[in-house]
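Chains, contacts and geometry: an overview
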There are 2 protein chains.
Amino acid sequence: MGEAKIELLRGTLDMLILKVVAMCPSHGYAIAQRLQQISKDFFQVHQGSLYPALHRLEDRGWLQAEWKNSETGREAKFYALTKKGRRQMDPEVVNWERLCDAVGQVLRAPEEES
Amino acid sequence: MGEAKIELLRGTLDMLILKVVAMCPSHGYAIAQRLQQISKDFFQVHQGSLYPALHRLEDRGWLQAEWKNSETGREAKFYALTKKGRRQMDPEVVNWERLCDAVGQVLRAPEEES
DNA sequence: GAGGATGCCTAGAAAGCCGACATATATACA
DNA sequence: TGTATATATGTCGGCTTTCTAGGCATCCTC
């Protein structure tokens, strides 16, 4: 029974992808791996979320794609952050931090009202 | 043009509602106000999000509703946290904190790779 | 040759949020 | 008296995002 499936990404996936790509242009598979590594296995980016997100971000002009050879010598689609993507990402990060603060305010509010 | 509408709640609404109700059983309108106050106007809970969420949480047995008179002497539907709701909320809060940590790990990762 | 890792993709369903709308009462004010 | 505003609840349709579950292809190792 039980089966308490926890949703992991909650609308942060786009921002996380932009950030990883800002660190270093990468292909989808590597982006997912890096997110999992950096987050110490908290994020498990499913391919059914990853690739639609990449196409979305490319459509919006935030990422630019180019086919290249990966480290293993195979064809892979490398995504790079565009200037437009940078202009999107920075405020999004600020907004995320404000969101965290706001949620923290609520969660840390005392349960007893005086 | 411009108009960068930022989505504020991102899947945290349920948890926030549970937390506010854990502080003090309240009706919907007051919950929205309190969230806005505590978060210093960062959260603006829209009615089209709030009431479906309350019904959802009640259907799942996490909240229990009761009609009472509000402070202004009008009929209002007061929601209280159930034991089941408590058992839902606590791990959700822990998970949220882990999510914040994980996102922070990514966002604070250096953009230059050595 | 079988399996696993690497790499890309899509389709369908479910869920959540928002904007807009509808409704009703109490209060304040002109 | 009439009107606007705050209080209070709700629905509906559309949009976006996510997940599950599949498909396809190559390369390497056993």
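So, here is what we can say about the structure in this document.

Analysis parameters
Residues numbered from 1 in each chain as written. Chains lettered and ligands numbered in written order. Predicted model: local features only at pLDDT ≥ 70, side-chain atom pairs only at ≥ 80, totals over all residues. Heavy atoms only, no water. Least-squares fit on C-alpha atoms with pLDDT ≥ 70 in both. Contact = heavy atoms within 4.5 Å. Near = heavy atom within 4 Å. Polar contact = N/O pair within 3.5 Å; in protein donor to acceptor, adjacent residues only side chain to side chain. Helix = DSSP H or I, 4+ residues; strand = E, 2+ residues; numbered from the N terminus. Nonpolar A, V, L, I, M, F, W, Y, C, P; charged D, E, K, R; others polar. Buried < 20%, exposed > 50% of the residue type's maximum accessible area, 1.4 Å probe, protein only.

So, about the relation of the copies chain B and chain A. Overlay of chain B on chain A (RMSD 0.1 Å): rotation 179 degrees, translation along the axis 0.0 Å. Overall, the copies show the geometry of a two-fold rotation axis. Residues of chain B ranked by C-alpha distance from the rotation axis are headed by Arg10 of chain B, positioned 2.8 Å from it. Counting the interface residues of chain B, we find that 100% of their copies in chain A are interface residues as well, pointing to one common contact surface.

Taken together, the neighbourhood of DNA strand D is formed by 26 residues, with Ser49 and Arg74 of chain A together with Ser70, Arg74 and Lys77 of chain B sitting nearest. In the interface set of DNA strand D, defined as its atoms within 4 Å of the protein, sugar plus phosphate atoms amount to 60%. At a separation of 3.1 Å, a phosphate oxygen of DNA strand D approaches a polar side-chain atom of Arg60 of chain A. With respect to DNA strand D, the side chain of Ser70 of chain B contributes an N or O atom lying 2.5 Å from a phosphate oxygen. For the surface near DNA strand D, the secondary structure elements donating two or more residues are helix H1 (13-23) and helix H3 (47-59) of chain A together with helix H2 (28-38), helix H3 (47-59) and strand E3 (75-81) of chain B. At five residues, H3 of chain B tops the list of elements feeding residues into the surface near DNA strand D. For the surface near DNA strand D, the residue count by class is seven nonpolar, twelve polar and seven charged.

Our next topic: the side chain of Lys19 of chain A. In this fold, Lys19 of chain A is placed in helix H1. Lys19 of chain A gets classed as buried once you look at its relative accessible area, which sits at 7%. Non-local contacts of Lys19 of chain A, meaning those with residues more than four positions away in its chain, are made with Met89 of chain A together with Val106, Leu107, Ala109 and Glu111 of chain B.

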